[in-house]
Amino acid sequence: MGSQKTLLHLWYRLGMTYTNLQIYDSASSYLEKTLTSPTIARDTLQLVICLDALATLRSYQTDYAASVEYSLQAVMLIDQSRVVNIKNVLPQNYGRVAYNFVNEKQYAKAIDYGKKGLILR
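Conventions we followed
Residues numbered from 1 in each chain as written. Predicted model: local features only at pLDDT ≥ 70, side-chain atom pairs only at ≥ 80, totals over all residues. Heavy atoms only, no water. Helix = DSSP H or I, 4+ residues; strand = E, 2+ residues; numbered from the N terminus. Contact = heavy atoms within 4.5 Å. Polar contact = N/O pair within 3.5 Å; in protein donor to acceptor, adjacent residues only side chain to side chain.

Help me out: how do you make sense of the side chain of R96 in this one?
Structurally, R96 can be placed in helix α6 (residues 90–103). Residues in contact with R96, not counting those within four places in the same chain, are D52, A55, T56, S67 and S71.

Pasting the structure below:
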């Protein structure tokens, strides 16, 4: 279990490193590998962080619809959690959804999600 968790963190770090280097195909590969690992299902915070990283990556690639999907998956997990550390990232996820809806010129949806994020702060 410990080595699997270490492997998850390494995949995630590689994905983020490639994201920062703007090598998006490799970033996507490692982040998707992290997301689909059976071990991550037992770690809600890491799952939310990974979904957020994929949402960010898709936004950088101007795939705003995919970014919204990843962010909304994270929102669903956050809503189901009772852990404060996980609840603290909810406004950030709503903000990302709003940002992506602005880029898709869906302003009413952007305003709705932006307000949800502001209310939580």
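Continuing now.
Which parts of the structure should I look at to understand the environment of S28?
Along the chain, the position of S28 falls in helix α2 (residues 24–36). Considering only alpha carbons, one finds S28 and G114, 86 residues apart in sequence, at a separation of 27 Å. In contact with S28, other than residues within four places in its own chain, are L57 and R58. A polar atom in the side chain of S28 sits 3.0 Å from the side chain of R58.

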